[in-house]
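Structure at a glance
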Amino acid sequence: MATGKRTRQEAIFQAISQEGRVDVSGLAVSLDVSAMTIRRDMAELSNRGLINRVHGGATSRQEPALRAEVMRAEKLAMARWVVGGLVDDQFLALDVGSTCTAIAEELNVRGNVTVLSNSLEALHVLRSTAVERLCVAGQINGEGSIIPHDVSSALEPYALDKVILGCGGVSAARGVTYHEVKETFFRRALIERASEVILVADHTKLGRESSFSLGRLALIDKLVTTREPDRALADSLAEAGVQVDVVSVGASTSN
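What you are looking at is a predicted structure, and each value in this text was computed from that prediction instead of being measured. (Residues numbered from 1 in each chain as written. Predicted model: local features only at pLDDT ≥ 70, side-chain atom pairs only at ≥ 80, totals over all residues. Heavy atoms only, no water.)

**Section: the side chain of K222**
To be explicit about the condition: Secondary structure counts use DSSP, requiring at least four H or I residues in a row for a helix and at least two E residues in a row for a strand, with both numbered from the N terminus. Residue exposure (1.4 Å probe, protein chains only): buried if accessible area is under 20% of the type maximum, exposed if over 50%, otherwise partly exposed. Note on contacts: a residue pair qualifies if any of its non-hydrogen atoms lie within 4.5 Å across the two residues.
With respect to the helices and strands, the residue K222 is situated in strand β14 (residues 222-225). In this structure K222 comes out as buried when scored by relative accessible area, which is 14%. In this structure, K222 is in contact with E196, V197, I198, L199, V242, Q243 and D245, ignoring residues within four places of it in sequence.

**Examining the pattern of salt bridges**
Two side chains of opposite charge can pair, provided their charged atoms sit close to one another. The cut-off we apply is this: Counted as salt bridges are all cases of a side-chain nitrogen of Lys or Arg within 4 Å of a carboxyl oxygen of Asp or Glu.
Under the counting rule described, the total for this entry stands at 11 salt bridges. A salt bridge links E10 to R6; its shortest N-O distance comes to 3.5 Å. Within this pair, E10 and its partner R6 are both found in helix α1 (residues 5-19), separated by four residues, close to a single helical turn. We classify E10 as partly exposed; its relative accessible area is 46%. In this structure, D95 and R187 form a salt bridge, with 2.8 Å as the shortest nitrogen-oxygen distance. Of this pair, D95 sits in the loop between β4 (91-94) and α6 (98-110) while R187 sits in helix α9 (residues 181-192); the two residues are 92 residues apart in sequence, bridging distant segments of the chain. There is no split in this pair, since D95 and R187 are both buried. The network of salt bridges with shared partners includes D95, E183 and R187.

**A closer look at the packing of helix α5 (residues 72-84) against α6**
Our working rule: Geometry is summarised by axes, namely lines fitted to C-alpha atoms with helices restricted to the contacting stretch, and by angles between N-to-C directions that run from 0 to 180 degrees. An angle below 35 degrees is treated as roughly parallel, one above 145 as roughly antiparallel, one from 65 to 115 as roughly perpendicular, and anything else as oblique. Helix crossings fall into two classes, left-handed where the near helix is turned counterclockwise from the far one by less than a right angle and right-handed where it is turned clockwise. When residue character is reported, Ala, Val, Leu, Ile, Met, Phe, Trp, Tyr, Cys and Pro are called nonpolar, Asp, Glu, Lys and Arg charged, and the others, Gly included, polar.
Running from N to C, α5 and α6 cross one another at 50°; their axes reach a closest spacing of 8 Å. In terms of orientation, α5 and α6 fall into the oblique class. Of the two elements, α5 crosses α6, and the hand of that crossing is right-handed. On the side of α5, the interface is formed by R72, K75, L76, M78, A79, R80 and V83, while α6 contributes S98, T99, A102, I103, E105, E106, L107 and R110. Residue composition of the contact of α5 with α6, by class: seven nonpolar, two polar and six charged.

**What about the sheet that holds strand β15 (residues 243-246)?**
Which entries qualify depends on this criterion: Paired strands, in this sense, are two strands between which DSSP finds at least two bridges.
Pairing in this open sheet of seven strands is parallel, and the strands run β6-β5-β4-β9-β12-β14-β15 from one edge to the other. Sheet topology places β6 (131-135) and β15 at the edges, where each strand pairs with a single neighbour. Geometrically, the sheet is characterised by an average inter-axis angle of 20° between neighbouring strands, direction not taken into account. Relative to β6, strand β5 (residues 113-117) runs parallel, the two sharing five bridges. Bridge assignment links L116 to a residue of β6, and that residue is L134. Lying on the sheet, α5 is in contact with β9 (160-165), β12 (194-200), β14 and β15; it crosses β14 at an angle near 145°. Sitting on the sheet, α9 touches β4, β5, β9 and β12, and the angle it makes with β9 is about 150°.

**Section: the packing of helix α2 (residues 24-31) against helix α3 (residues 35-47)**
Angle between the axes and distance between the axes are the two parameters that describe a pair of packed helices. At a minimum axis distance of 8 Å, the contact between α2 and α3 shows a crossing angle of 110°. When the interaxial angle is binned, α2 and α3 end up roughly perpendicular. The handedness of the crossing between α2 and α3 comes out as right-handed. Residues V24, L27, A28 and L31 of α2 touch α3, and the partners they reach there are A35, I38, R39 and M42. Here the residues of the contact of α2 with α3 sort into seven nonpolar, no polar and one charged.

**Quick word on the sheet that holds strand β13 (residues 212-215)**
Spatially, β10-β11-β13 is the arrangement adopted by the three strands of the open sheet, whose pairing is antiparallel. Edge positions in the sheet fall to β10 (169-171) and β13, since each has one partner strand and no second. When the angles between neighbouring strand axes are averaged without regard to direction, this sheet yields 35°. Where strand β11 (residues 175-178) meets β13, three bridges bridge the pair, whose relative direction is antiparallel. Counterpart to Y178 in the pairing with β13 is F212. Strands in contact with α9 are β11 and β13; relative to β13, the strand with the most contacts, it is inclined by about 5°.

Quick look at the structure:
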């Protein structure tokens, strides 16, 4: 049932505050209104200084440290699980987002790896002298992500052991999806240079869809999450040959 303007805008603001970033299309479905109505509501919320509008949706104006507190226990559990499965001297690419920043924190404890990232936040968190940090050169967007002007040239020298990705959502219908198109193209280029692709997504991302698709589920080798996927997604992941690791909160090591 459609909602009144005030109630609708409160719902939009609450969703953005909780999730950090939302899509116009998903809100239109959940609130039973048109995409144009959602865009108008977002414009008003943005004019009031409450949210940031981005292509296809909106983001919270919270600082990264505040966004990192959303699903904090789950992010830490997944981070420990992923880092626990690494071996010395591996060359990793680490995605942007608060989940990957949590992984960067855990990498400080482990050390003895090389990390390439286009996330200013993750690179800032990586302080251990036992972690070699590499970054790409390019334009910095409002979310603190570095996007090279020529992605192929920027990544050409690298042969990666693993790419560790976050996501906006993962679904049977659209695969792995994101909110920002340039970052998505960058991720595809990383995948082409990696031996293994690990997707790290807490249970709130399962079944969700964002604006831009990374591609089919078969592009990833492993999904690390905090709840069993529903039947449709589980079947699609199995068909694509994706290993699913379900991590309990408080888990500390990988299988």
